[in-house]
Amino acid sequence: MMFGIKGSKCTLVIRGLILWVLLTNILVVLYCMTNPTQVKIRGSQEDTCPLSVAKLRKQNGTTPAQSTTSQSDQCSPTVDIMFMKTHKTASSTVLNMLFRFGEKHKLKFAFPDGRNDFFYPSPFLCSQVKDYRPGECFNIVCNHMRFDRREVAKLLPPDAVYITILRDPVDLFESSFRYYHRAVPLTWRISGEDKLAEFLDDPQSFYSPESFNSFYLKNLLFFDFGFDNNLEADDPRVMRDIHNLAKQFDLVLIAEYFEESLILLKDTLCWTMEDILYFKLNARKRSSVSQLTPELRAKARQWNGADWRLYQHFNATFWARVEAFGRERMKEEVKELRRRNAEMKAICIQDGGAVEAQKIQDTRFLPWQPVGESSILGYNMKKNILPKFRTVCEKMLTPEIQYLSDMGVSLWLTRLWGWLKDTIFII
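Conventions we followed
Residues numbered from 1 in each chain as written. Predicted model: local features only at pLDDT ≥ 70, side-chain atom pairs only at ≥ 80, totals over all residues. Heavy atoms only, no water. Pairing = 2+ DSSP bridges. Helix = DSSP H or I, 4+ residues; strand = E, 2+ residues; numbered from the N terminus. Contact = heavy atoms within 4.5 Å. Axes fitted to C-alpha atoms, helices over the stretch in contact; angles between N-to-C directions. Buried < 20%, exposed > 50% of the residue type's maximum accessible area, 1.4 Å probe, protein only.

S.K.: Help me out: how do you make sense of the sheet that holds strand E4 (residues 161-166) in this one?
M.R.: Strands pair in a sheet through their backbones, by hydrogen bonds, and they do so in one of two ways: parallel or antiparallel. Taken together, 5 strands build an open sheet; the order of strands is E2-E3-E1-E4-E5 and the sheet is parallel. The open sheet has two edge strands with one neighbour each: strand E2 (109-110) and strand E5 (251-254). Sheet analysis places strand E1 (residues 81-84) next to strand E3 (residues 140-141), joined by 2 bridges and oriented parallel. Pairing of Met 82 across the sheet is with Val 141, part of E3. With respect to the sheet, helix H9 (residues 258-269) is in contact with E1, E4 and E5, its orientation differing from that of E5 by roughly 160°.

S.K.: Is there a simple way to explain the pairing of E4 in this structure?
M.R.: Counting buried residues along E4, 6 of its 6 residues qualify, which places the element largely inside the surrounding structure. With burial as the criterion, each face of E4 is covered, one bearing Val 161, Ile 163 and Ile 165 and the other bearing Tyr 162, Thr 164 and Leu 166. Relative to E4, E1 runs parallel, the two sharing 4 bridges. Among the inter-strand pairings, Met 84 is bridged to a residue of E4, identified as Thr 164. Sheet analysis places E4 next to E5, joined by 4 bridges and oriented parallel. Each bridged residue has a counterpart across the sheet, and for Ile 165 the counterpart in E5 is Leu 253.

Structural data, given as structure tokens:
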């Protein structure tokens, strides 16, 4: 009898693994099918966006507006923006602001085709942009990609502002591991209930740089920026890459100081307080967050050493920006941002806060969930909202996938993957 029970459990596990391997192979095939035809760019012989813009402005006798680095009565909002959307860094919340700002000003987005990212984890290419033609200009590039500055620069005017966001690599690693571990075959053989702790006790036993989706497990920030995520922290190439990145971005936000980051963003782009109002999107429920001991945090920091050096560098430059902005001025603006956000929360959100996925009443506000669980929180919108607030409430509460669909982006591959993970991967 006991043998029969054990045999049935083993069969269920084997069936689950077979389904998961099959699902992975299907996804690989789909990724290959949707790899866009690569457009050959011949350097200076081809007309890129900056060249075409320069020619047009020369013909019209105009000069490009300068990027604004301080708030003033004379400045006008920056509309040409590259936001490098990193993983697990509150970037979805920033993305929602960019979507709203772009719609408000009728800006032109460079969007992917068939999915919500630019063929990630492959390096970004202009040809991955929907309906891309050499020389065509866009205002905003903001979907997930593996960054390549030279390719991105072909899409934007020369005075575009480049922005990104970082998060403490220990917390980012914990979030990435919990969110993606079912999509990383390397983790499947980790036994025990606390897979994260077991991984950190001996990461080399569960990690191989060549394995499928392994980049989610080591120096994910470095990988997102197009660098080698397997470099050790003391490798001289790490600091070289960090200094090169510092030359490419005008502002680096820090997730742990999100409100201060948004005030610097507002100041840099000459935006208004209204433009940076937000509700926290894509947040996890507290029970799904692993509480790491100081020892495990130290191990995670060492394992993600390149990311830690990256974070340290830009955390220092961030606070230098805050000092230049003014501590008292920052304190007052953060206070005003919190007041305005609280007002919008009272106007828009039913019961005052986020709820678990199964309690979300309208599928328009149901966030994307990781494989095999429903740990991402969402919102219910109040039913009796004054007409003047209804549209902005809807937009502020709309997750990325639904917002992209509302803007006309084809997401057939993303939706197919969502259907597969939600209906087939049930172990």
